[in-house]
Amino acid sequence: MPANIDTLCINTIRTLSMDAVQKANSGHPGTAMALAPVAYTLWRDVLNYDPANPLWPNRDRFVLSIGHASMLLYSLIHLAGIRDVRPGGVTHDRPALTLEDLERFRQLDSLTPGHPEYHHTAGVETTTGPLGQGCGNSVGMAIAEKWLAEHYNRDGFRLFDHHVYALCGDGDNMEGVASEAASIAGHLKLGNLTWIYDSNQISIEGSTHIAFTESVHKRFEAYGWHVLELKDANDTGTMRRLLAEAKAETSRPTLIIVHSIIGWGAPHLAGTAEAHGAPLGVEEVRETKKFYGWPEDKDFYVPEGVPEHFQAGIATRGAAASRTWGDLFAAYRARYPAEAAQLDHIFAGTLPEGWDSGIPVFDADAKGIASRASSGKVLNEIAKNYPWMLGGSADLSPSTKTHLTFAGAGDFQPPQWNGTYGGRNLHFGVREHAMGSISNGMALYGLRAYCSGFLIFSDYMKPPIRLSALMKLPVIYIFTHDSIGVGEDGPTHQPIEQLAQLRATPGVTLIRPADANEVAEAWRTLVQLTDRPSVLALSRQNLPTICRSTYAPATGLAKGAYVLADGEGRPDVILMATGSEVGLIIKAAEKLKAEGIRVRLVSMPSWDLFEAQPRSYRDSVLPPDVTARVAVEQAAQLGWDRYTGLAGETIVMHGFGASAPAEQLEVKFGFTVEAVVAAARRQAGK
Ligand SMILES: Cc1ncc(C[n+]2csc(CCOP(=O)(O)OP(=O)(O)O)c2C)c(N)n1
Ligand SMILES: [Mg+2]
């Protein structure tokens, strides 16, 4: 056994990782083994983190963007003695991960799933696994830290002054999202951010020379990053120095390129892709342990003194820092009670009082207003009373109407670009993928992040939207130009299958409001959904503002679908639609009524909210015995038969759109009053 206690600690991380993967007979041992010295140095000697207080707001954040190396993180959590945190943010005085938990790596219901999952395992700051996402999240975290510091720090009260670290790999750096995120982090001069890049030049197919030969060093310099290199991942002394340099550089983010050998110490597999994603094999594990000077027959072995030595670094430092911070925050609360109360909300993810007091009511108006425009008005009214609601667009805010225009909203920019980090309008640039991923990072801090773009380009954001849902983060996605109603921009810009995809994503609430008052109710509803992302699908074109004394109030939106108007007695036919097509079924119903056909009109802005209603309510809106039904939506058909039944009809898109004025497209694709009336007559048998 090596005498050096640091080496013992490092080899404990390595062997725990090897053993867990071997026992699970699946997982990724090589990178955890190679990066053990790097991660150990960061955690033991640098990271400001109190294992007894994992939710301490000013803790440094550690993001394992290479989520496949999860055993590295689980070993660190175990050795650091991080305490358990359960839903509701309650910290328990018991280990987040015991040795038994590590032995159950990748097993059903274990606390050690294949990739780290936020909310599932204390100490995991974000869910990672889809490469590049952790990098994007870390930029969102660094933005959040800057914003919080700018808003809440006061002379003598540096409540926020922490650092965000992300550990990334070749895979992350090949992914576009990480490049987008790095580009904006450079522009924003996020000096509170450090990425440690494991340049082992191995990925799954072998050497990265087959696909990835650029100079990452020069690329990051060009982004405006401070770039450092560590020649040997085992050189902990130099690593410590580089981490200090990274922290000292406050005007640029830092990239530390670490040269490592995957599976370091494995006699046959080190330096090969075989060490990436499969157990090393019993014999190779034995020989590797021998190389480390480890007892060859001991599995999941934590030598005496190892946790103590590890914790003498991180826990001693972290406990003192978090205690000092607690005192500081208490004094701050006495001096700045209003700000402290806001922070309480941010930390708890709760809403400020009066957030909804300015939500407008829109008067009936046949000409109407585009739902993107009414949304912009509502957003501005809410944001005024919701000080930590902030966001922006991927270069489309003039179109998505998401700019906060009230006094003091400001733009988020670094002082070097003559801005401040306190601004609430973010300019993500044309970087949709990173925008989503950054918004997740901001949401992880309790900020109410929104982001926006054209619905068609939600295609570029599928991974972060999915991760918002998986992590239950209340990011608000505002997507405009939501149908062929876009008109002349043509099929490249006309969403077809996007609604179906968003509806198919578990945990995403999609709302496609029909008019300005449904927009107002959509915002009222979604702001209160603090445990999931929501998506607004909004029109480019004007939508008539429905007369609510003739038709049912828009508050029905909260239930996902509601009866907008009804005839006397049992309906002959039900017409249902969402968004811009509600206006169309209203017009069709007027004609049908004149023909003596009893029509029920159902506005159906959110399937998801509707499905959450009790059966009795759903049946009251769509009575099972009324099977004559027509659904109208300018989007793919997928899923509508659930509501029309097999006997019903759908007026939907069956292919891509076309470039022409919107009115002509409506005729071409059959979204006309005549078509709806004809379908309704067929359904009603009249
Ligand atoms: C977006 C995404 N694409 C593909 C994968 C599958 N995958 C997991 S690890 C990996 C290779 C990563 O290489 P690298 O980051 O160099 O990790 P190392 O092999 O060095 O541990 C791939 C392709 C993934 N997890 N995420
Ligand atoms: Mg690699």
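Keep in mind it's a predicted model, so treat the numbers as computed, not measured. (Residues numbered from 1 in each chain as written. Chains lettered and ligands numbered in written order. Predicted model: local features only at pLDDT ≥ 70, side-chain atom pairs only at ≥ 80, totals over all residues.)

(A) Region of interest: the overall build of the protein chain. Along its length, the protein chain carries 24 helices and 22 strands. The C-alpha atoms of the protein chain give 28 Å as radius of gyration, which agrees with the globular expectation for 686 residues (26 Å, within 12%). Principal-axis analysis of the C-alpha atoms gives the protein chain an extent of 95 × 60 × 45 Å. Burial status across the protein chain gives 54% buried among its 686 residues. Sequence separation of 24 or more characterises 76% of the internal contacts of the protein chain that already satisfy a separation of 6 or more. (Helix = DSSP H or I, 4+ residues; strand = E, 2+ residues; numbered from the N terminus. Rg over C-alpha atoms; globule rule 2.2 N^0.38 Å. Buried ≥ 20, exposed ≤ 12 C-beta atoms within 10 Å, placed from the backbone. Contact = placed C-beta atoms within 7 Å.)

(B) Layout of the site of ligand 1. Around ligand 1, the structure places 17 residues, and the nearest of them are Thr31, Gly169, Asp170, Gly171 and Ser203. Of all the secondary structure elements, the ones that give two or more residues to the shell around ligand 1 are α6 (170-174) and β6 (202-203). Take the shell around ligand 1: its biggest share by element is 3 residues, from α6. Looking at side-chain class alone, the shell around ligand 1 contains 6 nonpolar, 8 polar and 3 charged residues. (Near = placed C-beta within 6 Å. Nonpolar A, V, L, I, M, F, W, Y, C, P; charged D, E, K, R; others polar.)

(C) Up close: the sheet that holds strand β8 (residues 226-230). If you trace the 5 strands from one edge of the open sheet to the other, you get β1-β4-β5-β9-β8, paired in parallel fashion. This sheet does not close on itself; its edge strands, each paired only once, are β1 (61-64) and β8. With strand direction ignored, the average angle separating the axes of adjacent strands in the sheet is 20°. Its contacts with the sheet place helix α2 (residues 30-46) against β4 (164-169), β5 (193-199) and β9 (254-259), and it is angled at close to 165° to β4. (Pairing = 2+ DSSP bridges. Axes fitted to C-alpha atoms, helices over the stretch in contact; angles between N-to-C directions.)

(D) Broad picture of helix α16 (residues 462-471). Listed in full, the buried residues belonging to α16 are Pro464, Ile465, Arg466, Leu467, Ser468 and Met471. In this structure, the buried side of α16 is in contact with α5 (133-152), α15 (432-443) and β14 (476-480). Two residues or fewer past α16, Lys472 is found with a positive phi of approximately 60°.

(E) Broad picture of the sheet that holds strand β18 (residues 562-565). With mixed pairing, the 5 strands of this open sheet are ordered in space as β18-β20-β19-β21-β22. The strands lining the two open edges of the sheet, one partner per strand, are β18 and β22 (649-653). Between one strand axis and the next, the sheet turns by 25° as a mean value, whatever way the strands run. Of the strand pairs in this sheet, strand β19 (residues 573-577) and strand β20 (residues 599-603) are connected by 5 bridges, and their pairing is parallel. The residue bridging Met576 from the neighbouring strand is Val602, located in β20.

(F) The arrangement of the pairing of β22 in detail. Along β22, 4 of the 5 residues are buried, which leaves the element largely enclosed by surrounding structure. Bridging between strand β21 (residues 629-636) and β22 involves 4 bridges; their strand directions are parallel. Bridging across to β22, Ala636 finds its partner in Met653.

(G) Summary view of the domain arrangement of the protein chain. Taken domain by domain, the protein chain comprises domain 1 (5-322), domain 2 (365-544) and domain 3 (556-684). The C-alpha centroid of domain 2 is placed 32 Å from the C-alpha centroid of domain 1. On the side of domain 2, 27 residues touch domain 1, which itself brings 27 residues to the contact. For the side of domain 1 that touches domain 2, the secondary-structure elements that each account for two or more residues are α5 and α7 (176-187). If one sorts the elements of the side of domain 1 that touches domain 2 by residue count, α5 sits on top with 14 residues. Broken down by class, the residue content of the side of domain 1 that touches domain 2 amounts to 12 nonpolar, 10 polar and 5 charged. (Domains from an automatic or database assignment.)

(H) Structural view of the nonpolar core. Counting residues in hydrophobic clusters, the biggest one holds 204 residues, and the most contacted among them are Leu72, Leu575, Ile585, Val676 and Ala680. Not counting residues within four places of it along the chain, the set of residues in contact with Ile585 comprises Leu575, Ala577, Leu601, Val632 and Val676. (Core = buried A, V, L, I, M, F, W, Y, C linked by C-beta atoms within 7 Å.)

(I) Up close: the packing of α2 against helix α9 (residues 236-248). It is at 10 Å that the axes of α2 and α9 come closest, and there the two elements cross at 55°. For the element pair α2 / α9, the angle class is oblique. For the pair α2 and α9, the sense of crossing is right-handed. Only Thr236, Met239, Arg240 and Leu243 of α9 make contact with α2, whose side of the interface consists of Pro37, Val38, Thr41, Leu42, Asp45 and Val46. (Parallel < 35°, antiparallel > 145°, perpendicular 65-115°, else oblique. Left-handed = near helix turned anticlockwise from the far one by under 90°.)

(J) Local environment of the environment of Thr550. Along the polypeptide, Thr550 turns up in the loop between β17 (542-545) and β18. A count of 10 C-beta atoms within 10 Å places Thr550 in the exposed class. When the C-alpha positions of Thr550 and Ala364 are compared, they lie 10.0 Å apart, and in sequence the two are 186 residues distant.

(K) A look at α7. Here α7 spans 17 Å end to end across 12 residues, near enough to the 16 Å set by a 1.5 Å rise per residue. Across the 12 residues of α7, 9 count as buried, placing the element largely inside the fold. Among all positions in α7, only Val177, Ala178, Glu180, Ala181, Ala182, Ser183, Ile184, Ala185 and Gly186 are buried. Close packing links the buried residues of α7 with α5, β4, α6, β5, α8 (216-223) and α15. In the stretch just after α7, Lys189 is the one whose phi turns positive, near 55°. (Expected span 1.5 Å × (residues − 1).)

(L) View of the packing of α5 against α7. Running from amino to carboxyl end, α5 crosses α7 at an angle of 20°, the nearest separation of the two axes being 7 Å. One way to sum up the angle between α5 and α7 is to call them roughly parallel. At the point where α5 passes α7, the crossing takes the left-handed sense. Along its contact with α5, which presents Gln133, Cys135, Gly136, Val139 and Ala142, the element α7 presents Val177, Ala178, Ala181, Ile184 and Ala185.

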